[in-house]
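# Results of the structural survey
The primary structure of each chain is shown beneath.
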Amino acid sequence: MKKEKRVILYYGEDPEFVQSLETYFKRFHRDLVHELTCLDYKKTSIADYFIEHGKAHLIFIDFFDISDKQLLSLLAEINLLKQSALYKSSTIMGLFADKDTLVSQEYLLSSGISLAYIQGRSMTDFICDSFEIAFDDTLFQPRYAKVDHVDLQIQIGFCSLLTQMDDKQFSIESDYEVHGKKIQTNLAMFKALTATEFDILKTYPFALKSPLDFTYQIKFPIAGAWEADSTNLIHKATLDTWLDLKSDLFEAPKPRIKIFTNQAKLTVLLAKQQSKMDISFDISAQWSTALFNEHRALKKPQLIFYDMYEAEEGIGVKGLSDLTDILSNQRGNKPIVIITNTPSKTEALRKLYQYPHLLAIEGPLTEEIVQLFSKKFVESGKTQGQVKPTQIKCNQPARSITIYDQFIFNSLTEREFTFLSKVEIPFYTTVKLNLSFIVYGTLVPYELSTNKKKDYYHYKAIIHGVEEGELEKLRKLVNQLIFNPVDDLNPKTLKDLIAQSPIQMVPLPEKVLEEVRTTEQEVFTLSVKKMNSGIKSKL
Amino acid sequence: MAQGNLLITDDEPIILKMLKMNLADHVEKIFTAENGREALAVLEKEEIHCIVCDINMPVMNGVELIKEVRARGIQLPFIFYTAHGERELMLEAVKYGAFDFLNKPNLDGLEEVVLRGLKAGSSPSAEEDISDDQLSEYKKLLKELN
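Residues numbered from 1 in each chain as written. Chains lettered and ligands numbered in written order. Predicted model: local features only at pLDDT ≥ 70, side-chain atom pairs only at ≥ 80, totals over all residues. Heavy atoms only, no water.

### Side note on the interface of chain A and chain B
Under the convention used in this document: Contact criterion: two residues are considered in contact whenever any of their non-hydrogen atoms come within 4.5 Å of each other. What counts as buried area is the accessible surface, traced by a 1.4 Å probe, that two parts surrender upon association, with contributions from both included. Each reported salt bridge corresponds to a side-chain nitrogen of Lys or Arg within 4 Å of a carboxyl oxygen of Asp or Glu. Counting of polar contacts relies on pairs of N or O atoms within 3.5 Å, with two restrictions inside protein: one atom must be capable of donating a hydrogen and the other of accepting it, and residues adjacent in sequence are counted only when both atoms are side-chain atoms. Numbering goes from the N terminus for both helices and strands, where a helix is a DSSP run of H or I of at least four residues and a strand is a run of E of at least two. Any residue outside Ala, Val, Leu, Ile, Met, Phe, Trp, Tyr, Cys, Pro, Asp, Glu, Lys and Arg is labelled polar, Gly included; the first ten of those are nonpolar and the last four are charged.
Listed as interface residues are 36 residues of chain A and, on the opposing side, 28 residues of chain B. Contact between chain A and chain B buries roughly 2700 Å² in total, counting both sides, with carbon and sulfur atoms accounting for 66%. At the boundary of chain A and chain B, one finds 2 salt bridges. Between Asp100(B) and Lys351(A) there is a salt bridge, and its shortest N-O distance comes to 2.8 Å. One can count 10 residue pairs in polar contact (both at pLDDT 80 or more) joining chain A with chain B. The set of elements that each furnish at least two residues to the side of chain A that touches chain B consists of helix 9 (317–329), strand 15 (336–340), helix 10 (346–353), strand 16 (358–360) and helix 11 (367–379) of chain A. At 7 residues, the largest contribution of residues to the side of chain A that touches chain B is made by helix 10 of chain A. For the side of chain A that touches chain B, a count of residues per class yields 20 nonpolar, 8 polar and 8 charged.

### Considering the side chain of Ser321(A)
Within the secondary structure, Ser321(A) sits in helix 9. Apart from residues no more than four positions distant in its own chain, Ser321(A) is found in contact with Tyr353(A) and Arg87(B).

### Quick notes on the pairing of strand 4 (residues 91–96) of chain A
All names here are of chain A. Our working definition: Summary of the burial criterion: residues with accessible area below 20% of their type's maximum are buried, those above 50% are exposed, and those between are partly exposed, where the area comes from a 1.4 Å probe applied to protein chains only. Any two strands between which DSSP finds at least two bridges are classified as paired.
Across the 6 residues that make up strand 4, a large majority, 6, are buried. Of the two faces of strand 4, both are covered, the one formed by Thr91, Met93 and Leu95 as well as the one formed by Ile92, Gly94 and Phe96. As judged from the 5 bridges shared by strand 3 (residues 58–62) and strand 4, these two strands associate in the parallel manner. By the bridge assignment for strand 4, Ile59 is matched with Ile92.

### Description of the packing of aromatic side chains
Our working rule: Only rings of Phe, Tyr and Trp enter the pairing, Trp through its six-membered ring, and a pair is recorded when the two centres are within 6.5 Å. The plane angle decides the type: under 30 degrees is stacked, over 60 is edge-to-face, the rest tilted. By definition, being over a ring means that NZ of Lys or CZ of Arg is both within 6 Å of the ring centre and within 35 degrees of the ring normal.
Inspection of the entire model under this criterion finds 34 aromatic pairs over all chains. Relative to Phe50(A), the ring of Tyr49(A) lies with its centre 6.5 Å away and its plane at 65°, an arrangement referred to as edge-to-face. The exposure class of Phe50(A) is buried, given its relative accessible area of 3%. Here the aromatic rings of Phe373(A) and Tyr138(B) are separated by 4.5 Å at their centres, their planes lie at 70°, and the arrangement is edge-to-face. Taken as a pair, Phe373(A) in helix 11 and Tyr138(B) in helix 6 (residues 132–144) lie in two separate chains rather than in one. Ring pairs connect the aromatic residues Phe158(A), Tyr176(A), Phe407(A), Phe409(A), Phe417(A), Phe419(A), Phe427(A), Tyr428(A), Tyr457(A) and Tyr459(A), which therefore count as one cluster. Between the NZ or CZ atom of Arg6(A) and the centre of the ring of Phe135(A), over which it lies, the distance is 4.4 Å. Lying across the ring of Tyr456(A), Lys422(A) places its NZ or CZ 4.8 Å from the centre.

### Here's the deal with helix 2 (residues 36–45) of chain B
Every α-helix winds through 3.6 residues per turn, so residues three or four apart in the chain are directed the same way. Residues and elements named next belong to chain B. Stated precisely, the cut-off is as follows: It is the directions from the helix axis to the C-beta atoms that the arc portrays.
Those residues of helix 2 lying buried are Gly36, Ala39, Leu40, Val42 and Leu43. Taken end-on, helix 2 shows its buried residues confined to a sector of 160°, consistent with a single buried face. Those residues of helix 2 that are exposed and angled more than 90 degrees off the buried face are Arg37, Glu44 and Lys45. Capping the start of helix 2, Asn35 holds a side-chain oxygen 2.9 Å from the backbone nitrogen of Arg37, two or three residues further along.

### Quick look at unusual backbone geometry
Its identity is not glycine, yet His149(A) carries a phi of approximately 55°, on the positive side. When you line up the elements, His149(A) lands in the loop between helix 5 (123–135) and strand 6 (152–165).

### Structural notes on the sheet that holds strand 4 of chain A
Residues and elements named next belong to chain A. Filter applied, for reference: Between the N-to-C directions of two axes lies an angle of 0 to 180 degrees, each axis being a line fitted to C-alpha atoms and, for a helix, fitted only over the stretch in contact.
If you trace the 5 strands from one edge of the open sheet to the other, you get 2-1-3-4-5, paired in parallel fashion. With partners counted over all chains shown, the strands left at the sheet margins are strand 2 (34–39) and strand 5 (115–118), one partner each. Between one strand and the next, the sheet's axes are offset by a mean angle of 20°, whatever the strand orientation. This element, helix 1 (residues 15–28), spans strand 1 (6–11), strand 2, strand 3, strand 4 and strand 5 of the sheet and lies at about 170° to strand 2.

### Considering the sheet that holds strand 2 (residues 29–33) of chain B
Residues and elements named next belong to chain B. Ordered in space as 2-1-3-4-5, the 5 strands form an open sheet in which the pairing is parallel. Here the strands that pair on one side only, and so sit at the sheet edges, are strand 2 and strand 5 (100–103). Taken pair by pair, the neighbouring strands of this sheet meet at an average axis angle of 20°, ignoring direction. Most of the contacts of helix 1 (residues 13–23) go to strand 1 (residues 5–9), to which it runs at about 160°, and overall it touches strand 1, strand 2, strand 3 (50–54) and strand 4 (78–82).

### Quick notes on the packing of helix 1 of chain A against helix 5 of chain A
Residue and element names in this part refer to chain A. Quick note on the threshold: Each angle receives one of four descriptions, namely roughly parallel if under 35 degrees, roughly antiparallel if over 145, roughly perpendicular if within 65 to 115, and oblique otherwise.
Contact geometry of helix 1 with helix 5 gives a least axis separation of 11 Å together with a crossing angle of 80°. Taken together, the axes of helix 1 and helix 5 lie roughly perpendicular to each other. Residues Phe17, Ser20, Leu21, Tyr24 and Phe25 of helix 1 form the contact with helix 5, whose participating residues are Met123, Thr124, Phe126, Ile127 and Phe131. Classifying every residue of the contact of helix 1 with helix 5 by side-chain character gives 8 nonpolar, 2 polar and no charged.

### Notes on the environment of Glu310(A)
Its location among the elements puts Glu310(A) in the loop between strand 14 (303–307) and helix 9. It is 9.0 Å that separates the C-alpha atoms of Glu310(A) and Thr261(A), two residues lying 49 residues apart in sequence.

### Some details on the pattern of salt bridges
Residue and element names in this part refer to chain A. For the coordinates displayed, the defined rule picks out 34 salt bridges over all chains. The residue Arg121 makes a salt bridge to Asp125 at a minimum N-O spacing of 2.8 Å. The pair formed by Arg121 and Asp125 is uniform in burial state, with each residue classed as buried. What you see here is one network of salt bridges that share partners, running through Asp129, Glu132, Arg415, Glu416 and Lys460.

### Here we look at the domain arrangement of chain A
Residues and elements named next belong to chain A. Defined as follows: Either an automatic procedure or a domain database provided the assignment from which the domain bounds are taken.
Once the domains are mapped, chain A shows domain 1 (6–135), domain 2 (163–249), domain 3 (256–387) and domain 4 (404–533). On the domain 4 side, the residues contacting the 17 residues of domain 1 number 18 residues. Summed over both sides, the interface between domain 1 and domain 4 buries roughly 1500 Å², with carbon and sulfur atoms accounting for 50% of that surface. Along the contact surface separating domain 1 from domain 4 lie 6 salt bridges. One salt bridge connects Lys99 with Glu470, and the closest N-O pair in it is separated by 2.8 Å. The leading source of residues in the side of domain 1 that touches domain 4 is helix 5, at 4 residues. Taken together, the residues of the side of domain 1 that touches domain 4 break down into 9 nonpolar, 2 polar and 6 charged.

Structure (structure tokens):
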């Protein structure tokens, strides 16, 4: 069977790193069919490469010396590429000089970067981890000491984005689905506010500024004038002062243009233009009435391109009918809809759809047409009026925020950990453990299956973003838990161990422990079955 | 009087007569047909610049007609004359390129639409071009935007 060529890009300024990758592949993976290309980010862009050569499977982005301007452009490009069904599967790894740099830019792990590699770590770990995430491919991996059946309740964080803030509410975007009306997070910028639980005003099943899955609008816990100082509340004056002092963190939202098109290449072309234009693009390759209804309520596009290229049931005549019905019935502003790739004329479509704010263009939707109409749209000044700057700029450390929840810690090696969850979590979500140092993990499809076993989903996270010194501490923790199995400990010793442990762990109640053990038994049985049937590497 | 020849297709003779009467002073020549099949026969013999067509007819309806005309590579403007409740046919017709729709039995705007259709049929523009008319129309829409 012919092996598929792995197309790998390095995007940075260090060709020696690329050379070291080639050397590594030649030495350890001679039969790896691959193409490794070095792109200098001062001369070209990822979108340029995609336009000319097609997509890459795996992209290493070097954040060592990237300038602010380059970073903004890169983030805008990645954001748009991740909206495309064709390109979002390209896996992106970030290379960082040190842990502090990574932590200060933690928002990158929710902005399309799936794994962080810190200079000085072993090339083997780096290649094995990136290939598992990018290709679901388990290359040769060293075996690590493993502690199993830890079975303690643990708090896990989900790297998310703080995208918007005003004097009443703030918005978090995340892949993690919060169930219920409360969200566990903290607002590090307000030192005196130590509240860790907030009220959710509204949840949206999409993200405004990122390729994540959900947006949560959250209420600031404002203290009433009569209320005494409290660490769970913030006074309006404090909030207003902070917003004022930190006004340079914010920008007004750019006018939004919604584009419905099946043309994957157009997404790449627009990604290249994104940061140069005073416009924000949202691109969808499919039509969904429910999704668009939510979308327009939050994002309020004033200009919509509807491209009938290869129109099928989705982005076709019926979808356009639904779209114009929704827009006709919405109060206030009626967006302009430009329909391309249609053989019918403007007047015919206006009468058919009973929507006078549309324009039909027979030709295809192109980058030039989007630019032409977008430019006139901005020049007309008929954007969203005077909008307050409440969006946090894309390259600000303040964007980093974490959503927390409780799970059951199952196993740990220095390379990965597993846990049980009552709720389903998408693969490739980035999580973090707050030990005495931060450990990041990326959830990957697990050979033992993550179908819900009885009461729990079983997840595996590949550990990354850890320096050599921290790795030592992880190894010690694994050994500590191996030689002090939780089951064998008397309650006092367990209590002491937990107290000394850098991980915040809580013993499970008896009933929960029973459920967990049943789940683990099922998982173990399944793993034995699969081992016996012989699972081979896909390489 | 506009340049161009018009073909009117409708299964109701009285409608044909009425439309012909209303448009006779504005068009060079008017041809008529009572169904799509007859319309195709006219198209084979005569030079036509625009078609006014009932969308719902026996033998061959307006959608089947436009589909057949497009399959023959003929890009003439089609103005469909429709009644209430024919939306599904209209949705089908736009896939093949409708120029405009008029509502039965209302004749308001008939002349203006036909003259535009004849003009478009006499001097078709290249499909990739964004015409000045389209840009002007866009600017109008922008002005109307709140």
